Amino acid sequence: MVSRMPRVLVVEDDPRIRAFLIEILTEHGFAVHNSGDGFGALREITRMSFDAVVLDLGLPDLDGADALRMIRGLSPVPVVVATARDDEAEIIRLLNAGADDYLVKPFSGGQLVARLSAVLRRTAGSHTPEPGGGPWSAAPADLMRPVSVGRLTVDPGARTAVLEGRELRFTRREFDLLAFLAHHAGQVVSKRRLLSEVWREPYVDDQTVDVHLSALRRKLGESAAAPRYLRTVRGRRHQAGGAPLRRSLAGVALAVTSMVALSFLIPLAVLVMSLAREQSITAAEQPAAAMAPPS
């Protein structure tokens, strides 16, 4: 039996690095959520269970070390720190503070995937993604037949895509997405449906779809401003259908309640830690001030 996709939260403020991490981890079978700041990450952790967190230290609202301590107060989820800081004392301090592993930028996608897989094996049994396959390996027969859209022909059985006589190269997830959209040409397909039927994980962040659609457009020789095959329908997601995305009132109420509670509790915790840090700095500076010559 194949277990569900490991759910990973990526906390990274740089949009380009965040998109790279989402693409790499998604391609290797992880269900990826993301946040660009510390408070957003803490809100995600309070509302959802994750198998691992990839945490950058240079966040705009919280120092990564403080974010790590707060995560540890909320959840035992494994945390892999990914940062440009390479000071040995800092690495030791963060590992002692609860980090499960540490990666210094720049690092390869393969190294991150290997470290995450090792952490998951150590902490919660093996959740290493199954290689190959994908949702199309068990698709109904009518979805495995070749389909042509304009000058593009997609064959899910042979896993080939030919555009104007030229075979295109796609990653496994990109091909799955293209094949699904090709078989639903002319329909509007919501992101939620794509995540549920292509990723088989309804709780992955929407940006995961955006990253893969952007990659498909590049390889198809088009752009969002000048689409040939992939068209975004505002308010109803991607043309390729599904109804507009909706959340239940209960779900919205629960999310708002959690955010309001965190908006009071987290800043209070940050203030307490900040005051403690200032007191320790003041105490450390007193002997130096006493030795300084008079002005």
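All values derive from a computational prediction rather than experimental measurement.

K.L.:
Whenever I open this one, the side chain of R7 confuses me. Can you help?
P.N.:
Tracing the sequence through the fold places R7 in strand β1 (residues 7–11). Take R7: its relative accessible area is 11%, and that puts it in the buried class. From its side chain, R7 meets the backbone oxygen of S49 in a polar contact 3.1 Å long.

K.L.:
Just to check I follow, could you spell out the side chain of D56 for this structure?
P.N.:
By the element assignment, D56 lies in the loop between β3 (52–55) and α3 (64–74). We classify D56 as buried; its relative accessible area is 5%. Of the polar contacts made by the side chain of D56, one reaches the backbone nitrogen of G58; its length is 3.5 Å. Looking at D56, its side chain comes within polar contact range of the side chain of K105, at 3.3 Å.

K.L.:
Help me understand the sheet that holds strand β6 (residues 147–149) in this model?
P.N.:
Strand pairing within a sheet occurs via backbone hydrogen bonds; the two strands may be parallel or antiparallel. In spatial order, the strands read β6-β7-β8-β9; together these four strands make up an open sheet with antiparallel pairing. Looking at which strands have only one partner, the edges of the open sheet turn out to be β6 and β9 (166–167). As paired strands, strand β8 (residues 160–163) and β9 are joined by two bridges and run antiparallel to one another. Bridge assignment links L163 to a residue of β9, and that residue is R166. Strand contacts of helix α6 (residues 172–183): β6, β7 (152–155) and β8, with the helix running at about 110 degrees to β7, the strand carrying the most contacts.

Calculation notes
- Residues numbered from 1 in each chain as written.
- Predicted model: local features only at pLDDT ≥ 70, side-chain atom pairs only at ≥ 80, totals over all residues.
- Heavy atoms only, no water.
- Helix = DSSP H or I, 4+ residues; strand = E, 2+ residues; numbered from the N terminus.
- Buried < 20%, exposed > 50% of the residue type's maximum accessible area, 1.4 Å probe, protein only.
- Polar contact = N/O pair within 3.5 Å; in protein donor to acceptor, adjacent residues only side chain to side chain.
- Pairing = 2+ DSSP bridges.
- Contact = heavy atoms within 4.5 Å.
- Axes fitted to C-alpha atoms, helices over the stretch in contact; angles between N-to-C directions.

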